[in-house]
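# Summary of the model geometry
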Amino acid sequence: MPEFSLDEYSLVYNAFSFTFAAMFATFIFLVLSRTQVSAKYRPALTMSALVVAIAGYHYFRIFESWEAAFVLNDAADAYIASGTPFNDAYRYIDWLLTVPLLVAELVAVLSLPPRKAGWLTARLAGAAALMVLLGYPGEIADDAGTRALWGTLSTIPFLYIVYALFTELGEAMERLPEQARVLVRNTRLLLFATWGFYPIVYMIPLFDENAFAQAGTIMAVQIGYAVADIAAKCGYGIMIYAIARTKTLAEQAEDAEVSGGAAAPAMAAGD
Ligand SMILES: *C/C=C(C)/C=C/C=C(C)/C=C/C1=C(C)CCCC1(C)C
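What this report covers is the structure whose coordinates are included nearby. (Residues numbered from 1 in each chain as written. Predicted model: local features only at pLDDT ≥ 70, side-chain atom pairs only at ≥ 80, totals over all residues. Heavy atoms only, no water.)

## Quick notes on the overall build of the protein chain
- Each helix and strand counted, the protein chain has seven helices and three strands in total.
- Put simply, the protein chain runs from its N terminus to its C terminus through helices and strands in the order β-α-α-β-β-α-α-α-α-α.
- With respect to the three principal axes, the spread of C-alpha positions in the protein chain is 90 × 35 × 20 Å.
- By residue count, 45% of the 271 residues in the protein chain fall in the buried class.
- In the protein chain, once contacts between residues fewer than 6 apart in sequence are set aside, the share between residues at least 24 apart is 77%. (Helix = DSSP H or I, 4+ residues; strand = E, 2+ residues; numbered from the N terminus. Buried < 20%, exposed > 50% of the residue type's maximum accessible area, 1.4 Å probe, protein only. Contact = heavy atoms within 4.5 Å.)

Put into structure tokens, the structure is as follows:
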């Protein structure tokens, strides 16, 4: 582990702290918003809430691990390695749990026929888990060759997810009301944009000539993943809520029209 200046150390420290706060706040928002959506969309909100709860817990542990991994050295006026290693496994365990949930919540909010939804969720969640598992050996490797190899393998299930979301989700979207369709399309776009950010962050150390030993490389990776996690979990969770809310309102309006149509003559007759 390289040395970190006081500012460099604090930047990562504050990024972890901020990410924890964002996950926690999103969790409260999603729990309080449950009553705003009809019962059939609540499983999607539950999954969103689970994602930010799991990630919030892990960011707390990552934050603690960062604190434990360095000590302030007055003579050097820098943070130096304490001997306790920084634990990167928290992040991958977190992804292993949250990434399948993120794809499942997108399928859940569409309320497809159960059999179709189940099979699509199983394939997407399976590919997501495989992607994370294959990425891990590369993340902890300290040579570029190993990192590139596992990164490439991990990209195969990643591309499968992109493909399936384009083709199959696209078909399912056609049957949605206009407003909800736009929201689902934007959410899928957000998913592609944020998920596409992870492999880019992953590649940063490949350009570090000193075999990942630079403080700047470690900072870029940690802060990069934290930013991506806020967008892919908090931002995405709020989009899922917006879809559920829009569909709920559209359905309520439809019901009101149906019963309103029936009630009007009755009222006229009563007058
Ligand atoms: C909340 C966490 C999320 C949404 C994590 C997503 C992670 C990825 C899309 C990771 C993808 C990777 C590749 C496609 C190749 C290199 C290795 C990974 C695991 C960084």
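There is more to say after this.
## Focus: the environment of Thr-187
- One can find Thr-187 in helix H6 (residues 178–203).
- Not counting residues within four places of it along the chain, the set of residues in contact with Thr-187 comprises Leu-106, Tyr-236, Met-239, Ile-240 and Ile-243.

## Concerning the sheet that holds strand E1 (residues 4–5)
- Read from one edge to the other, the open sheet built from three strands follows the order E1-E3-E2, with strand pairing classed as antiparallel. The outermost strands of the open sheet, each flanked by one partner alone, are E1 and strand E2 (70–73).
- In this sheet, strand E3 (residues 78–81) lies alongside E2 in antiparallel orientation, the contact comprising four bridges. From the neighbouring strand, Val-71 faces E3, where its bridge partner is Ile-80.
- Those strands touched by helix H2 (residues 42–69) are E1, E2 and E3, and its axis lies near 40 degrees from that of E2. (Pairing = 2+ DSSP bridges. Axes fitted to C-alpha atoms, helices over the stretch in contact; angles between N-to-C directions.)

## Remarks on the site of the ligand
- Within the structure, the ligand sits among 17 residues, and Met-131, Ser-154, Trp-195, Tyr-198 and Lys-233 are positioned closest to it.
- Compared with its free state, where it exposes 520 Å², the ligand has 99% of that area covered by protein.
- Mapped by element, the contributors of at least two residues to the shell around the ligand are helix H3 (89–110), helix H5 (144–173), H6 and helix H7 (215–270).
- Of all the elements, H3 adds the most residues to the shell around the ligand, at five residues. (Near = heavy atom within 4 Å. Areas by Shrake-Rupley, 256 points an atom, 1.4 Å probe, with all protein chains shown as cover.)

## What to know about a nonpolar patch on the surface
- Together, Phe-24, Phe-27, Ile-28, Val-31 and Leu-32 line one region of the surface with nonpolar side chains, adding up to about 460 Å² of accessible area.
- Assessed through its relative accessible area of 40%, Val-31 is described here as partly exposed. (Patch = residues over 30% accessible without salt bridge, like charges linked within 9 Å, V, L, I, M, F, W, Y side chains within 5 Å. Salt bridge = Lys/Arg side-chain N within 4 Å of Asp/Glu carboxyl O.)

## Observations concerning the packing of aromatic side chains
- A complete count under the given rule lists 21 aromatic pairs for this structure.
- With centroids separated by 4.7 Å and ring planes inclined at 50 degrees, the aromatic side chains of Tyr-13 and Phe-63 adopt a geometry described as tilted. Taken together, the residues Tyr-13 in helix H1 (residues 6–32) and Phe-63 in helix H2 connect sequence positions 50 residues apart.
- Here Phe-63 falls in the buried class, since its relative accessible area comes to 15%.
- When the ring centre of Tyr-202 is taken as reference, the NZ or CZ atom of Arg-147 above it lies at 4.5 Å.
- Its guanidinium or amino end placed over the ring of Phe-166, Arg-188 lies 4.8 Å from that ring's centre, counting from NZ or CZ. (Phe/Tyr/Trp six-rings, centres within 6.5 Å; stacked < 30°, edge-to-face > 60°. Lys NZ or Arg CZ within 6 Å of the ring centre and 35° of its normal.)

## Brief notes about the pairing of E3
- Alignment of E1 against E3, held across two bridges, turns out to be antiparallel. Each bridged residue has a counterpart across the sheet, and for Ser-5 the counterpart in E3 is Ala-78.

## A word on the side chain of Asp-229
- Of note, Asp-229 is situated in helix H7.
- Setting aside residues up to four positions removed in sequence, Asp-229 forms contacts with Met-23, Tyr-59, Arg-91, Trp-95, Tyr-198 and Cys-234.

## Structural notes on the side chain of Gln-222
- Relative to the assigned elements, Gln-222 resides in helix H7.
- Only 2.7 Å separates the side chain of Gln-222 from the side chain of Arg-91, close enough to count as a polar contact.
- Excluding residues that lie within four positions of it along the chain, Gln-222 makes contacts with Val-12, Phe-16, Phe-86, Asp-88 and Arg-91. (Polar contact = N/O pair within 3.5 Å; in protein donor to acceptor, adjacent residues only side chain to side chain.)

## Here's the deal with the environment of Phe-70
- Mapped onto the fold, Phe-70 is located in strand E2.
- Measuring from C-alpha to C-alpha, the distance between Phe-70 and Thr-84 comes to 7.8 Å, with 14 residues separating the pair along the chain.
- Phe-70 has contacts with Met-1, Pro-2, Phe-4, Tyr-9, Tyr-79, Ile-80, Ala-81 and Ser-82, leaving out every residue within four places of it along the chain.

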